[in-house]
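For reference, the chains in residue letters:
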Amino acid sequence: MLKPEEIDEIVSRMSLEEKAKLVVGVGMPGFFGNPQSRVPGAAGETHPVERLGIPSAVFADGPAGVRINPRREGDERTYHATAFPVETMLASTWNRDVLEAVGRAMGEEVREYGVDILLAPAMNIHRNPLCGRNFEYYSEDPLLTGEMAAAFVKGVQSQGVGACLKHFVANNQETNRMFIDTVVSERALREIYLRGFEIAVKKSKPWAVMSAYNKLNGEYCSQSRWLLTEVLRREWGFEGFVMTDWFAGDDPVEQMKAGNDMIMPGKTYQVKPERKDEVEEIVNAVKEGRLSEEVLDRNVKNILRVLSDSPSFKRYRYSNKPDLESHAKVAYEAGAEGVVLLKNDGVLPLNRDMRIALFGTGQIETVKGGTGSGDTHPRYVVSILEGMRERNLRVDEELAETYTKYVSEMRKRDEYRVRRGIFGEPLTPRLPQDFLSEGELERFAEKNDVAVVVLSRVSGEGYDRRPEKGDFYLSDDEKALVEKVSRVFHRFGRKVVAVLNIGGPVEVASWRDLVDGILLVWQAGQETGRIVADVLVGDINPSGKLPTTFPVDYSDVPSWSFPGEPKDSPQRVVYEEGIYVGYRYYDTFGVEPAYEFGFGLSYTSFEYRNLKIEKLDHAVRVCFEIANTGDLPGKEVAQVYVRAPKGKLDKPFQELKGFHKTRLLNPGETEEVEVEVDLRSLASFDGEMWVVEKGEYEVRVGASSRDIRLTGRFTVEEELRYNP
Ligand code: BGC
């Protein structure tokens with residue numbers, strides 16, 4: 001990194017035009033007549049100032065893997081990147097080491113493909129289960145979000161490249177995302193929506209932050225001085241630079257003043273004709289005294305400080321040959337820890353020699369991840385059917401052939417042909433699932449030992465999901481398939497397992513009693529099929545836990561104002577539920593979820609023992625033991641919730657304040673766990689200050705938010721107050 005004096009010296013030699021160029025990207029590479037990036041498919045590039053030895057820097061998405069074009073014109077070579085599990089699945093691991101390993105692997109691909117900054121992690125809160133990009137985000141809980149993001153950023157940046165936290169902040173829906181006014185109280189903002197970013201900024205020092213599209217209480221995030229300068233830099237000590245989301249905001253000068261250092265992708269007027277060229281706009285604003293050159297210099301310095309550490313600046317000679325082989329293993333291992341076993345009535349793990357009847361077109365069209373900028377282009381995606389074949393499971397080949405033919409025939413029909421959406425993303429009409437006759441089902445039930453039914457969903461940038469059949473609810477034909485398969489197989493004394501290949505919650509309460517097991521395999525990236533096969537037969541013992549609540553019904557969701565008003569074209573969304581997001585709502589108001597936050601079963605069992613609570617000066621030390629009391633090796637995610645005393649401020653019933661994932665414990669083995677809870681993290685925001693009210697706090701250690709195994713107490717004698 002250049003020293004501050006060296007940066008000052010460079011900036012003192014820059015012309016006004018050069019400064020203005022450095023804070024504005026070159027325009028969206030490969031679109032609107034702009035040349036392709038030197039790394040084709042990358043989302044953005046900065047202007048070079050060759051005269052002063054400043055090269056351009058390249059930015060690429062995204063959260064599930066480096067998103068660049070896998071092929072280049074006139075080039076025989078390929079440029080595939082590893083498709084890792086989606087972020088929600090990574091958060092289901094609750095394992096910081098896994099996140100760091102995934103970050104390291106992605107970071108190496110970023111570097112070796114000639115990219116400088118990865119546009120990830122995305123870390124908006126799951127306010128509502130239908131946000132179309134929730135799969136790209138970690139959780140409904142800010143602590144889990146922040147911890148996962150921090151570990152990931154550490155991994156990425158250990159490779160000498162940058163990570164970029166996005167989308168800052170309260171970008172919790174896709175509907176009218178570029179203009180929606182998000183109205184949210186400062187308390188909810190600070191305790192829920194900002195907190196994850198705060199943790200990640202403080203713990204992992206990300207190179208960059210991307211401001212969000214939406215307005216926050218009337219002001220575009222990219223134009224909010226309070227958000228970008230007061231909170232991010234002054235309160236949290238952020239030292240990187242801030243870039244806009246692509247084409248965000250409406251005033252480049254206000255963006256500069258607010259502390260939004262860089263405008264991306266640049267040339268916004270190409271898509272918004274009412275705009276001017278930002279470079280010109282900034283130059284004129286300085287000349288006319290509407291923007292002080294000191295502000296521009298400050299932003300330029302923020303950018304240069306970071307970019308002077310980038311591979312491009314150091315003229316790093318990248319290989320275009322990242323270690324895809326070993327990263328495939330990292331992707332597999334991450335997925336293996338993120339599978340969540342939701343239900344198991346004595347069916348799983350399957351015996352390896354069981355004959356398996358595999359239903360659902362998702363066995364072939366397995367969804368590796370979502371669409372839009374969170375997509376990836378891997379060398380391969382192992383479908384569930386391929387994974388099971390590869391692992392030599394005894395899949396009914398006649399049924400598999402039936403499905404293979406069905407999918408290929410149906411996709412030839414015009415109504416089911418895969419089309420391209422506004423981002424060039426595949427739009428894949430859902431295929432009818434209920435096409436086998438009762439007689440055929442009987443035949444398959446007779447000659448197999450178990451049925452596995454795959455149900456898939458896909459969503460992505462630009463759209464929210466819908467509270468309708470075929471999306472949040474099963475479609476009629478999916479339900480018919482589950483019902484018929486269950487009825488017929490049960491009649492033959494066979495069990496039935498549902499495999500959920502989805503990126504966010506679906507309704508399960510109305511049909512879960514029909515099946516004997518439910519395996520939530522999320523969208524596990526390129527290795528999905530192998531992971532599913534290995535979990536089914538117990539080569540992987542599931543150890544994932546839900547980072548987000550599965551509600552009984554959509555009408556139970558507290559963020560009922562989603563996606564805003566007026567209903568036909570939302571302009572404004574008021575977060576009336578305040579801090580009561582996710583389990584904070586369900587637990588406080590006694591609403592029973594289908595599967596609660598933190599829930600997940602295992603093929604073994606764990607016992608929690610010997611809780612000890614020790615009050616330190618600034619923290620509380622929570623110690624306990626976890627023993628594997630079952631018959632198989634397994635890992636457990638222990639969660640530490642704290643329940644505050646009744647005081648002046650409203651408080652949720654309980655809040656997650658720490659967690660720990662054990663190592664692989666053999667049957668009979670015990671691990672001693674120690675979780676430290678910082679007293680500050682107990683504070684609520686009273687409108688001006690962070691306050692920890694005095695009184696008796698309950699520590700609740702559990703296997704989920706509703707499966708509390710140990711409780712204890714500590715007292716805060718005197719109220720504690722902190723400045724933001
Ligand atoms: C998305 C960002 C992404 C950017 C560049 C935007 O549409 O919201 O998450 O990083 O595009 O692709």
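Quantities reported herein were computed from a predicted structural model and do not represent experimental measurements. (Residues numbered from 1 in each chain as written. Predicted model: local features only at pLDDT ≥ 70, side-chain atom pairs only at ≥ 80, totals over all residues. Heavy atoms only, no water.)

Next up on the list: the overall build of the protein chain. Scanning the protein chain for helices and strands turns up 18 helices and 28 strands. The C-alpha atoms of the protein chain give a radius of gyration of 26 Å, which matches the 27 Å a tight globule of 724 residues would have. Overall, the C-alpha framework of the protein chain stretches about 80 × 70 × 50 Å when taken along its three principal axes. Buried residues in the protein chain amount to 64% of all 724 residues. Sequence-distant contacts in the protein chain: of pairs separated by 6 or more residues, those separated by 24 or more amount to 76%. As displayed, the protein chain has an accessible area near 26,300 Å², and 47% of this comes from carbon and sulfur atoms. (Helix = DSSP H or I, 4+ residues; strand = E, 2+ residues; numbered from the N terminus. Rg over C-alpha atoms; globule rule 2.2 N^0.38 Å. Buried < 20%, exposed > 50% of the residue type's maximum accessible area, 1.4 Å probe, protein only. Contact = heavy atoms within 4.5 Å. Areas by Shrake-Rupley, 256 points an atom, 1.4 Å probe, with all protein chains shown as cover.)

Another point: the domain arrangement of the protein chain. Considered domain by domain, the protein chain is made up of domain 1 (4-307), domain 2 (333-547) and domain 3 (606-722). The distance between the C-alpha centroids of domain 1 and domain 2 comes to 35 Å. Together, Met-89, Leu-130 and Phe-135 form the three largest contributors to the area buried by domain 1 at its contact with domain 2, with a combined 22%. On the surface where domain 1 and domain 2 come into contact, there are two salt bridges. Taking the shortest distance from any N to any O, the salt bridge between Arg-177 and Glu-461 comes out at 2.9 Å. Mapped onto the side of domain 1 that touches domain 2, the elements with two or more residues apiece are α3 (87-92) and α4 (96-112). In terms of residue count, the dominant contributor to the side of domain 1 that touches domain 2 is α3 (five residues). (Domains from an automatic or database assignment. Buried area = accessible area lost by both parts, 1.4 Å probe. Salt bridge = Lys/Arg side-chain N within 4 Å of Asp/Glu carboxyl O.)

Moving on: the packing of aromatic side chains. On inspection of all chains with the given rule, the structure shows 25 aromatic pairs. A centroid spacing of 5.5 Å and a plane angle of 55 degrees characterise the contact between Trp-94 and Phe-597, whose relative ring orientation is tilted. Remark: Phe-597 occurs in the loop between α18 (583-588) and β19 (606-615) and Trp-94 occurs in the loop between α3 and α4; sequence separation between them is 503 residues. An identical accessibility class is assigned to Trp-94 and Phe-597; each is buried. Connected via pairs of aromatic rings, a cluster forms that spans Trp-94, Tyr-583, Phe-597, Tyr-641 and Phe-659. Directly above the ring of Tyr-79 sits Arg-72, whose terminal nitrogen or CZ lies 3.5 Å from the centroid. (Phe/Tyr/Trp six-rings, centres within 6.5 Å; stacked < 30°, edge-to-face > 60°. Lys NZ or Arg CZ within 6 Å of the ring centre and 35° of its normal.)

A few words now on the pattern of salt bridges. Oppositely charged side chains are able to pair whenever their charged atoms sit close together. Here the structure, examined in full by the defined rule, presents 80 salt bridges. Across the salt bridge formed by Glu-577 and Arg-127, the nearest N and O atoms sit 2.6 Å from each other. With Glu-577 in the loop between β18 (572-574) and α18 and Arg-127 in the loop between β3 (117-118) and α5 (142-157), this pair connects stretches of sequence that are 450 residues apart. Taken together, the shared-partner salt bridges connect Glu-186, Arg-190, Arg-225, Glu-230, Arg-234 and Glu-235 into one network.

With that settled, the discussion passes to the nonpolar core. Counting residues in hydrophobic clusters, the biggest one holds 77 residues, and the most contacted among them are Val-102, Phe-152, Phe-168, Val-169, Tyr-193 and Leu-656. It is α5 that contributes the most residues to this core, eight residues altogether. Both domains that furnish three or more residues to this core are identified here as domain 1 (4-307) and domain 3 (606-722). When sequence neighbours within four positions are dropped, the list of residues in contact with Val-169 reads Asn-124, Leu-189, Tyr-193, Leu-194, Phe-197, Ala-212, Asn-214, Leu-216, Cys-221 and Leu-227. Counting 69 residues, the second-largest nonpolar core is a separate cluster that includes Val-395, Leu-399, Leu-436 and Ile-540. (Core = buried A, V, L, I, M, F, W, Y, C linked by side-chain atoms within 4.5 Å.)

Only one face of strand β23 (residues 670-678) is buried, namely the one carrying Glu-671, Val-673, Val-675 and Val-677, since none of Thr-670, Glu-672, Glu-674, Glu-676 and Asp-678 on the opposite face is buried. Where strand β20 (residues 619-628) lies against β23, nine bridges are found, and the strand directions are antiparallel. Paired with Val-620 across the two strands is Val-677, which belongs to β23. (Pairing = 2+ DSSP bridges.)

Where α4 contacts helix α12 (residues 324-338), the axes come no closer than 10 Å and their chain directions differ by 150 degrees. By the angle between their directions, the pair α4 and α12 is classed as roughly antiparallel. As for the relative orientation of α4 and α12, their crossing is left-handed in sense. Contacts between α4 and α12 pair Val-98, Ala-101, Val-102, Ala-105, Glu-108 and Glu-109 from the former with Leu-324, His-327, Val-330, Ala-334 and Glu-337 from the latter. Here the contact of α4 with α12 is built from residues that sort into seven nonpolar, one polar and three charged. (Axes fitted to C-alpha atoms, helices over the stretch in contact; angles between N-to-C directions. Parallel < 35°, antiparallel > 145°, perpendicular 65-115°, else oblique. Left-handed = near helix turned anticlockwise from the far one by under 90°. Nonpolar A, V, L, I, M, F, W, Y, C, P; charged D, E, K, R; others polar.)

By secondary structure assignment, the location of Trp-690 is in strand β25 (residues 690-692). Residue classification places Trp-690 among the buried positions, given a relative accessible area of 9%. Put simply, Trp-690 and Asp-345 are 345 residues apart on the chain and 46 Å apart in space, counted from C-alpha to C-alpha. Leaving out residues up to four positions away in the same chain, Trp-690 has contacts with Arg-190, Glu-191, Arg-195, Ala-683, Ser-684, Phe-685, Leu-720, Arg-721, Tyr-722, Asn-723 and Pro-724.

A large share of strand β16 (residues 495-501) lies buried, amounting to six of its seven residues. In terms of strand pairing, strand β15 (residues 450-456) meets β16 through seven bridges, oriented parallel. When the sheet's bridge partners are listed, Leu-455 is paired in β16 with Leu-500. Viewed along the sheet, the connection from β15 through helix α16 (residues 476-491) into β16 turns out right-handed. (Right-handed = clockwise from strand over helix to strand, strands pointing away.)

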